[in-house]
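Fold and geometry: a report
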Amino acid sequence: MTLPMVEKVPSLSWADAPAGAVVGNTPLLPLRRLLEKQGVTLWAKAEWFNASGSVKDRPAQEILRKALQEGRLRGRRLVDATSGNMGIAYATFAAAWGVPVTLAMPASASPERIAVLRGLGAELVLTDPETGVDGAMAWVASQVERHPDRYYWANQYDNPANWQAHFRTTGPEIARQTAGRVTHVVAGTGTGGTLTGVGRYLRSVLPDVRLIGVQPAGSEERIPGLKHMATSRRRPAVYDRGLLDAVRFVRAREAHEMARRLAREEGLFVGPSAAAAVWAACEVAAEVREGLVVVILPDAGYKYLSSPLWAPKETAV
Ligand code: PMP
């Protein structure tokens, strides 16, 4: 087989590829084994197909591109708080576009995330795990106030470019991939950007679509990427609670159980927040008579290999 010739070396980075080539245009996969119910189908948006491996490529690329276009990064470092995936996405595009990055995250972040971020050359600040992402945000806020000329605060929690990325891409993709037949969207909420953007777009074209947010069932239930809004210090501006029809609460144990089922019954090796969303989507599907339920799967399971989630059950002989 002859490979096509590369006619000329592109002058821009790979990260400037046309919309949908390296970010977005992710597949929508049917979950046929998990849900066997007449009249209801469950479809999963596989966001680990994005370039840096998670849903966060969409807002990170949008936020960085906007900051570059507006000239906010001249001589300054991009800084933000993250629980992991947004950091990996920032660090990926920042490396491709030659932007220095500083990321604050709780020291409890998985060793896989920390290793990837170090590998991508980001400067890391590990904050007190007891204070979670709120503590990382407080560190960023204090540094930005002290050194406004050194840092550009991307602020994924309040930056409208976060939800706008999903309004421009994820929402239209779901409408197109379901030929407008989607009835419910179920998504975990961290910043809320995914569900706000997808929801605002879909409501504009399909006013009856139901939007269901998924949160951990309490502050003690740790599901990486998801926020228990009631006990967090500050609600992100990007999170639009008024848009949602319902919020469902999932325990870490339930998310882990579902992650293993998805791996073994569907061949989908996903992270715990994806599994939590599928848990909630199955509850929704069980309660409706008919519908097409779309669930967002933010990332794959590889960043969680050190978590007890995947602990082998085999006994040594
Ligand atoms: N799951 C994972 C693994 C994530 O990293 C994030 C982002 N924090 C989410 C879910 C939630 O996405 P959003 O911030 O758009 O609400």
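Given the structure is predicted, the values throughout are model-derived calculations rather than measurements. (Residues numbered from 1 in each chain as written. Predicted model: local features only at pLDDT ≥ 70, side-chain atom pairs only at ≥ 80, totals over all residues. Heavy atoms only, no water.)

1. A few points about the domain arrangement of the protein
- Per the domain assignment, the segments of the protein are domain 1 (28-49 + 166-308) and domain 2 (57-153).
- Using C-alpha coordinates to define each centre, domain 1 is positioned 25 Å away from domain 2.
- Around 1,300 Å² of area is buried between domain 1 and domain 2 when both sides are counted, 34% of it from carbon and sulfur atoms.
- It is R168, R233 and K303 in domain 1 that bury the most area against domain 2; as a group they hold 41% of the surface buried on that side.
- Taken together, the links from domain 1 to domain 2 amount to four salt bridges.
- We note a salt bridge from K227 to D134, for which the minimum N-O separation is 3.3 Å.
- For the pair domain 1 and domain 2, the interface holds 13 residue pairs in polar contact (both at pLDDT 80 or more).
- Per-element tally for the side of domain 1 that touches domain 2: the top contributor is helix α5 (residues 160-177), with five residues.
- Its residues assigned to classes, the side of domain 1 that touches domain 2 comprises four nonpolar, six polar and nine charged. (Domains from an automatic or database assignment. Buried area = accessible area lost by both parts, 1.4 Å probe. Salt bridge = Lys/Arg side-chain N within 4 Å of Asp/Glu carboxyl O. Polar contact = N/O pair within 3.5 Å; in protein donor to acceptor, adjacent residues only side chain to side chain. Helix = DSSP H or I, 4+ residues; strand = E, 2+ residues; numbered from the N terminus. Nonpolar A, V, L, I, M, F, W, Y, C, P; charged D, E, K, R; others polar.)

2. Concerning the sheet that holds strand β5 (residues 123-127)
- Judged by pairing direction, the sheet is parallel, and its four strands sit side by side in the order β5-β4-β3-β6 without closing on themselves. Every other strand in the sheet has two partners, leaving β5 and β6 (151-153) as the edge strands with one partner each. Here the strands of the sheet are splayed against their neighbours by 25° on average, with no regard to which way each runs.
- Inspection of the sheet shows strand β4 (residues 101-106) paired to β5 by five bridges, in the parallel sense. The residue bridging T102 from the neighbouring strand is E123, located in β5. (Pairing = 2+ DSSP bridges. Axes fitted to C-alpha atoms, helices over the stretch in contact; angles between N-to-C directions.)

3. A closer look at the site of the ligand
- Around the ligand, 16 residues are found, and the nearest of them are G190, T191, G192, T194 and S273.
- Separating an oxygen atom of the ligand from a side-chain N or O atom of K56 is a distance of 2.9 Å.
- Between G225 and the ligand, the recorded distance is 3.2 Å, taken from a backbone N or O atom to a nitrogen atom.
- Against a free-state accessible area of 390 Å², the protein chains account for coverage of 96% of the ligand.
- Within the shell around the ligand, the residues separate by chemical class into four nonpolar, 10 polar and two charged. (Near = heavy atom within 4 Å. Areas by Shrake-Rupley, 256 points an atom, 1.4 Å probe, with all protein chains shown as cover.)

4. What to know about the nonpolar core
- The biggest cluster of nonpolar side chains holds 40 residues, and the ones touching the most others in it are L31, V186, V278, V295 and L297.
- Elements represented by at least two residues in this core include exactly β2 (40-46), β8 (210-216), α7 (252-266), α8 (272-287) and β10 (291-297).
- Examining the composition of this core, we find that 11 residues originate from one element, α8, more than from any other.
- Within the second largest apolar cluster, 28 residues are counted, among which are I63, I88, I114 and A161. (Core = buried A, V, L, I, M, F, W, Y, C linked by side-chain atoms within 4.5 Å. Buried < 20%, exposed > 50% of the residue type's maximum accessible area, 1.4 Å probe, protein only.)

5. Re the packing of helix α2 (residues 85-97) against helix α3 (residues 111-119)
- The geometry of α2 relative to α3 is characterised by a closest axis approach of 9 Å and an angle of 15° between their N-to-C directions. By the angle class used here, α2 and α3 are roughly parallel. For the crossing formed where α2 meets α3, the hand is left-handed. Taken together, the residues of α3 that come into contact with α2 (itself represented by N85, G87, I88 and A91) are R113, V116 and L117.
- Classifying every residue of the contact of α2 with α3 gives four nonpolar, two polar and one charged. (Parallel < 35°, antiparallel > 145°, perpendicular 65-115°, else oblique. Left-handed = near helix turned anticlockwise from the far one by under 90°. Contact = heavy atoms within 4.5 Å.)

6. Topic: the side chain of N162
- Along the chain, N162 falls in helix α5.
- Dropping the residues within four chain positions of it, N162 is found in contact with K56, P59, I63, Q156, T191, G193 and V238.

7. Some remarks on the packing of helix α1 (residues 57-69) against α5
- Here α1 crosses α5 at 130°, and the two axes come no closer than 8 Å. By the angle between their axes, α1 is oblique relative to α5. Taken as a pair, α1 and α5 cross one another with a handedness that is right-handed. Taking contact as the criterion, the partners of R58, P59, E62, I63 and K66 in α1 are, on α5, A161, N162, Q164, A165, H166, R168, T169, T170 and E173.

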